[in-house]
Amino acid sequence: MSAHDHVEGQLPHEPEKATLEARNKILGFWLFLGAEVVLFGTLFAAFLALRHNIGDGPSASELFQLPMVFAATMILLTSSLTSVFAVQAMHQHNKKSMLTWLIITIILGLGFLGLEIYEFTEYVHEGHGFTTSAFSSSFYTLVGFHGAHVAFGVLWIALVIGQVFKKGFNVVTAPKVYISAIYWHFIDVVWVFIFTVVYLMGKVAG
Amino acid sequence: MSSNHNHAASREVSKRHKVEGPQKHIVGFILSLALTIIAFAAVAAGEINETFTYIILVAMAVVQVIIQMAFWMHMKDRGHLFPIIGIIAGVFVVITMVIMALYWVWW
């Protein structure tokens, strides 16, 4: 413990950018995010092109429940705030507070996932299966891909927390916290477009 | 007494590095919240004409994403030229793809 305290006492102001390796990791991660933008772009393009092809299945406005979408949006938005608090605690070299915010972020992420699983089950019961129509296939692919990203983010942050516990809070683990927080914000940014384009525009189109 | 001491210490730190407070993140959160509520309200009200609703929705989403990227993804901080170029390139590709897909399927 005292050894850790010693290391923490010597942490630089921005421990996530202290080494060249860490700065390269962050740059590399941004390049990855550029590719993620393109990935979600293709899914959005497919969804936008096919969203009116409902075949015999239910339409978007029959299916979507705005209160549930709003709840999911609030959960994810709040989790984005808690993950930025974790980065802030990291900048203040406050390991305990950082880990607490990361754990809250994970719990909110799990809440979002639970809501999404419940939502998809409801839709399937209402006759909106994956192969019902071009609309349903592109909907599940787009929203499901985002859900998979949330699940991956939860797993990732959990592993980062485990590493901080095991290896301590230092210039090697700090960039991992920072990058996983950026990833989490990116998931929230994609969700902004999903609730706008998929749910709200789906409701408007009638 | 101890709070005075802490105050002096934090001032000393802020002289060396600009220590960020939680305020700007809370401001970002409240702005995002407001933009989200406006978007949901515009649809829930259902009284506004369809084209105008679309314009509101897209505007709210774009503003919210810019706020979140600037504040929460630290893109307004120094040394983020490459991330900005990368994301703009990604957005350019996305817009091209969406137009292409709509054109391909519908016209």
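From a predicted model like this one, the values you see are computed outputs, not experimental measurements.

## Let's talk about the overall build of chain B
- In terms of helices and strands, chain B carries four helices and zero strands.
- The order of helices and strands in chain B, counted from the N terminus, is α-α-α-α.
- Counting over 107 residues, chain B shows a buried share of 32%.
- Put simply, 46% of the contacts in chain B that link residues at least 6 apart link residues at least 24 apart.
- Accessible surface for chain B amounts to roughly 7,200 Å². Of this, 72% is attributable to carbon and sulfur atoms.

## Some words on the nonpolar core
- Ranked by size, the top nonpolar core spans 86 residues in total, and within it Met98(A), Phe139(A), Trp191(A) and Tyr199(A) carry the most contacts.
- Examining the composition of this core, we find that 22 residues originate from one element, helix H7 (residues 173-205) of chain A, more than from any other.
- Shared between two domains, this core takes at least three residues from each, and those domains are domain 1 (2-76) and domain 2 (78-107) of chain B.
- With seven residues, the next largest nonpolar core counts Met74(A), Leu77(A), Leu81(A) and Val84(A) among its residues.

## Regarding the UniProt feature "transmembrane region" (unreviewed entry) in chain A
All names here are of chain A.
- The feature "transmembrane region" (unreviewed entry), as given by UniProt, occupies residues 27-48, 68-87, 99-118, 138-165 and 177-201 in the numbering adopted here.
- Strand forms 0% of residues 27-48 and helix 100%; the C-alpha atoms that close the span are 31 Å apart.
- Helix and strand shares over residues 138-165 are 100% and 0% respectively, and the end C-alpha atoms of the span are 41 Å apart.

## Regarding the layout of surface pockets
- Here the largest pocket is characterised by a volume of approximately 920 Å³.
- Lining the largest pocket are 29 residues, and of these Phe193(A), Val62(B), Val91(B), Val94(B) and Ile95(B) lie nearest its centre.
- Looking at the lining of the largest pocket, the elements with two or more residues in it are helix H2 (20-50) and H7 of chain A together with helix H3 (50-71) and helix H4 (81-106) of chain B.
- Take the lining of the largest pocket: its biggest share by element is nine residues, from H4(B).
- Looking at the lining of the largest pocket, you find at least three residues from each of domain 1 (2-76) and domain 2 (78-107) of chain B.

## Things to note about empty space enclosed by the protein
Residue and element names in this part refer to chain A.
- Counted according to the given criterion, the structure contains one cavity of 30 Å³ or more.
- One number sums up the size of the largest cavity: a volume of about 40 Å³.
- Lining the largest cavity, in full, are Met68, Val69, Ala72, Phe112, Leu115, Glu116, Glu119 and Trp191.
- Secondary-structure elements contributing two or more residues to the lining of the largest cavity are helix H4 (66-91) and helix H5 (95-125).
- A total of four residues in the lining of the largest cavity trace back to one element, the largest contributor, which is H5.
- Of the residues belonging to the lining of the largest cavity, the class tally is six nonpolar, no polar and two charged.

How each quantity is defined
Position labels on residues start from 1 in each chain and follow its written sequence. Numbering of ligands from 1 and lettering of chains from A proceed in the order in which they are written. For a predicted model such as this one, the threshold for reporting local features is a pLDDT of at least 70, and the threshold for listing and counting side-chain atom pairs is 80 or more; totals across whole chains, interfaces and linings nevertheless cover every residue. Just so you know, side-chain values use all the structure's heavy atoms and leave hydrogens and water out. Strands are runs of DSSP state E lasting at least two residues, helices are runs of H or I lasting at least four, and both sets are numbered from the N terminus onward. Burial classes: relative accessible area under 20% of the type maximum marks a residue as buried, over 50% as exposed, and values in between as partly exposed (1.4 Å probe, protein chains only). Two residues qualify as a contact provided that any one of their heavy atoms is within 4.5 Å of a heavy atom in the partner residue. Residue exposure ignores everything except the shown protein chains as possible cover, and the areas themselves are Shrake-Rupley values with a 1.4 Å probe. Among the buried residues, those of types Ala, Val, Leu, Ile, Met, Phe, Trp, Tyr and Cys that are joined through side-chain atoms within 4.5 Å form a nonpolar core. Throughout the structure description, domain borders are defined by an automatic or database domain assignment. UniProt positions are given in the numbering used here, feature names are shortened, and annotations may be inferred rather than shown by experiment. Points on a 1 Å grid, built from protein atoms alone, make a cavity when a 1.4 Å probe fits but cannot get out and make a pocket when they are open with protein on both sides within 12 Å along at least 5 of 7 lines; residues with an atom within 4 Å of a point are the lining residues. Grid points are joined across faces, edges and corners, and a volume is the space filled by probe spheres set on the points. Three residue categories are used. Nonpolar comprises Ala, Val, Leu, Ile, Met, Phe, Trp, Tyr, Cys and Pro, charged comprises Asp, Glu, Lys and Arg, and polar comprises the others, including Gly.

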